[in-house]
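# Structural features, examined
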Amino acid sequence: MPNSRRLSNAASRRHLLLPYVLVAPAVAVLLALSIYPLIYSITVSLQVGDAWSIGNFTRLASDNFFLTAMAHTFVFAVAALSCEFLLGLGLALLLNSQIRGRGFFRATLLVPMMLPPVVAAIVWRLLLNPNFGAINGTLKEIGINTEALTWTASPSLAMMSVIAVDVWQWTPFVFLVLLAGLQAIPQEPYEAALIDGSSRWQTFWHVTLPLLKPAILIVLLLRTMDLLRVFDQIFILTEGGPGFATETISLYIYRSAFRFFDFGYAAAMSFVLLALTNVISVVYIRLLRNESRA
Amino acid sequence: MRLTRSLTALLLLVITVGCNRDPQPARKELTIAAISGVEGEALKQAAVDYETQTGVHITVTEFPYANLFEKELIDLNARTGAYDLIMLDDPWFPTFATKQLLTELTPLLQKRGQNGPDTDFIDASIAVCRHPYQSGSLYALPYVGNSQLFFYRKDLFEKHSLKAPATWDDVLTAAKTIQEKESGSGMYGYVMRAAQGNAAVADFMPIFWAFGGEMFDASGKPTVNTPEGIAALEFMVQMGKYSPPGYASFNADEVGAHLLQGTAAMSINWPAWIGKFDDPSKSKVIGKIEFTTLPGARKPGQAEIGNWLIAIPRTSRNAETAMDFLVWATTAEQMRRSALRGNPPTRKSLFRDPELVAKYPAYPAQMRSLETSRPRPRTPQWNEIENAFGIFLSKANSGALTPAEAMNQANAELEKIVQRGQ
């Protein structure tokens, strides 16, 4: 800027300050809303009563509720993630090909994802009600004994039910990302594969899958983070029950903080969850980075 | 440059406006944290009437049951002084009282020329307003007099010539008979809620107490796995055979739905449901349900008390005005209006009021139930204890554990919780 040289010293100093002034409110908000609470929650997790202590962290190891809730969270995440990924990939491949009415299918498939999780969970709670619900009603009509099918009340079925609802709601998201990934793959590799005489399976395995890998890793990363902190659906469907059968870590954290008022312990559990989520994310991101280098 | 200057001016303006507090002394105002629903509705109406009479402006902030406790406790702990009066469910009271978050009411009553709370209040209702229980200082006044009742289908009892359920054995016999003889119509003998947490515990405590169980001994050690306690849980699971499938995840709504649809013959329930049975748009059982006190076993039956209390936070800046409203809202005259909206009173005179009894025929039973009721164990750790205990009750009812296993594991878990509290 040739003009700036002509400006007085004071004015140029003010000119230099302007960006800071403009950024200051955002930084202040960030400090107030993110950094301060984060530091505060670290200090809270390191206090028992009013004294400094790592008691909250040592208590985790002997807390059966915490360990079981952690195990449930991983069972839930692994099962839901596998189903969502396989179904989402299948659907994306199907609707990427030239089948009739694919516009219609694409649109309808996205509906579950558009519903707020709480609304979806309430709808499913009504559908799954063993006595008045539509699912058992229909099964009864076609002559199936529904006496034992207490979807959200039996310890063996409850976890399956909450996983099924999550799969129903979030497969569309996986599908959407993978479909976008598929459509971004150029035609040339396929033409080359065709000329080389590779089978459909070989094309999928050696062309589609490697080229889709970035999209796959991103969707897996996002879903894993979401699944590990699942709260709303389970809270509404089973509230963690029957007994403790579907209690996940975020439900237990919520209870400890807002029902038992043990913020220190709740914060300690949150940090453990955060650490685990971070480790998993780092693994995904490493894979992703290796991929882009290759 | 102009931009910088105007931005600075704007910033200064914001700061000035933000700092400039109204220098005028505000006219008297009260803020109340209330439960949303019929209980809070009545208080809201009372607030409007009080405002017209006295000119004191009252803001009623309503919260759903699930949030009220945490809002109040966070606010009182942070000493913001946002509320002058708070509604409390009685099991929450020990937490607030132990943390010394409430104003003692007796000195405020004495300033008004009263020695203590009106003797017209039901003793059991005043007892839960004291800390320690029954004998201690007064920190709240009772506003809504809920206690559990036993609901049963008197038409079916008459049809099968069963005697009114006075003991849990009578209940079991009746459940068996009705379910066998009415099985064609999809009728279940009994309906209970055994979802973990509050639901399972509320439906279990009356059985537990009647069987002679005690949650804690005199020294505060958990004792749920005594032979009496295990027998009580075995009995609950046995009653489960006559309850609709899936009851291990039932909450109050499912229990109410079964009664309203006429698909269950008996249950333990709260008075709030009574009115719904007479509503033709919801109920298939109009006039068919009888309400009575809870059945006994080795001991006389006792209901859980579940009163709504009103207390004044220690941080209130208008304690005297708040007390004036509190006394006024709990007078017989005002409570009568709340009763006409469907809230059970906490005053003896109102339970005997001929007009109210004509409108609510269950009042005599409600009064007997309330007078003989029992509070949940009075500990500031109740939420945590109820949660852990409820998990094991629900596990036993869903078949994941035997009653003895459930009670032993529950006792171990309660010991840990109690130890942490010491």
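Residues numbered from 1 in each chain as written. Chains lettered and ligands numbered in written order. Predicted model: local features only at pLDDT ≥ 70, side-chain atom pairs only at ≥ 80, totals over all residues.

### Section: the overall build of chain B
A tally of regular secondary structure across chain B gives 18 helices and 10 strands. Its C-alpha atoms give chain B a radius of gyration of 24 Å, within 12% of the compact-globule value 22 Å for 422 residues. Each of the three principal axes of chain B carries a C-alpha extent, and together these read 85 × 50 × 50 Å. When the 422 residues of chain B are sorted by exposure, 48% land in the buried category. For chain B, contacts bridging at least 24 residues in sequence account for 73% of all contacts bridging at least 6. (Helix = DSSP H or I, 4+ residues; strand = E, 2+ residues; numbered from the N terminus. Rg over C-alpha atoms; globule rule 2.2 N^0.38 Å. Buried ≥ 20, exposed ≤ 12 C-beta atoms within 10 Å, placed from the backbone. Contact = placed C-beta atoms within 7 Å.)

### Considerations on the overall build of chain A
For chain A, the helix and strand inventory stands at 13 helices and two strands. Relative to its length of 294 residues, chain A is extended, with a C-alpha radius of gyration of 26 Å against a globular reference of 19 Å. The principal-axis extent of the C-alpha atoms belonging to chain A is close to 90 × 70 × 30 Å. For chain A, with 294 residues in total, the buried portion stands at 30%. Excluding contacts between residues fewer than 6 apart, the proportion of contacts in chain A whose partners are at least 24 apart in sequence is 70%.

### Concerning the interface of chain B and chain A
Every contact between the two is made by 21 residues of chain B and, on the other side, 24 residues of chain A. Elements that contribute at least two residues to the side of chain B that touches chain A include exactly helix H1 (2–19), helix H3 (65–77) and helix H17 (382–397) of chain B. In terms of residue count, H17(B) provides more of the side of chain B that touches chain A than any other element does, six residues in total. A per-class count over the side of chain B that touches chain A returns nine nonpolar, nine polar and three charged. (Nonpolar A, V, L, I, M, F, W, Y, C, P; charged D, E, K, R; others polar.)

### Examining the environment of Tyr40(A)
Structurally, Tyr40(A) can be placed in helix H1 (residues 9–45). In sequence terms Tyr40(A) and Arg102(A) are 62 residues apart; their C-alpha atoms lie 51 Å from each other.

### Section: the sheet that holds strand S1 (residues 29–35) of chain B
Residue and element names in this part refer to chain B. If you trace the five strands from one edge of the open sheet to the other, you get S2-S1-S3-S10-S6, paired in mixed fashion. This sheet does not close on itself; its edge strands, each paired only once, are strand S2 (57–63) and strand S6 (140–144). Strand-to-strand twist across the sheet, computed as the mean angle between neighbouring axes with direction ignored, equals 25°. As paired elements, S1 and S2 share seven bridges and run parallel to each other. Within the sheet, the bridge partner assigned to Ala33 lies in S2 and is Thr61. Its contacts with the sheet place H3 against S1, S2 and strand S3 (85–89), and it is angled at close to 135° to S1. (Pairing = 2+ DSSP bridges. Axes fitted to C-alpha atoms, helices over the stretch in contact; angles between N-to-C directions.)

### Brief notes about the nonpolar core
Among the nonpolar cores identified, the biggest contains 176 residues, and Ile32(B), Leu85(B), Ala140(B), Tyr190(B), Leu309(B), Ala311(B) and Leu393(B) are the most heavily contacted of them. No other element matches the 12 residues that helix H8 (residues 155–184) of chain A contributes to this core. Discounting chain neighbours no more than four positions away, the residues touching Ile32(B) are Leu43(B), Ala47(B), Ile58(B), Val60(B), Thr61(B), Tyr83(B), Asp84(B) and Leu85(B). (Core = buried A, V, L, I, M, F, W, Y, C linked by C-beta atoms within 7 Å.)

### Quick word on the domain arrangement of chain B
Residue and element names in this part refer to chain B. What the domain assignment reports for chain B is domain 1 (29–146 + 305–371) and domain 2 (149–304 + 379–421). Distance between the C-alpha centres of domain 1 and domain 2: 28 Å. Contacts between the two partners involve 14 residues from domain 1 and, on the opposite side, 14 residues from domain 2. Mapped onto the side of domain 1 that touches domain 2, the elements with two or more residues apiece are helix H4 (93–98) and helix H16 (363–371). Taken together, the residues of the side of domain 1 that touches domain 2 break down into six nonpolar, seven polar and one charged. (Domains from an automatic or database assignment.)

### Looking at helix H8 (residues 168–181) of chain B
Residues and elements named next belong to chain B. Along its 14 residues, H8 runs 20 Å from first to last C-alpha, staying within 8% of the 20 Å computed at 1.5 Å per residue. Turning to H8, its buried residues number three or more, namely Trp168, Val171, Ala174, Ala175 and Ile178. Seen end-on, H8 carries its buried residues on one side only, within an arc spanning 115°. Buried residues along H8 sit against helix H7 (154–159), helix H9 (198–210), helix H10 (227–240) and strand S8 (266–269). (Expected span 1.5 Å × (residues − 1). Arc of directions from axis to C-beta.)

### Focus on helix H9 (residues 188–195) of chain A
Burial analysis of H9(A) places just zero of its eight residues in the buried class, which makes it a mostly uncovered element. A positive backbone phi angle near 75° is found at Gly197(A), which sits one or two residues after H9(A).

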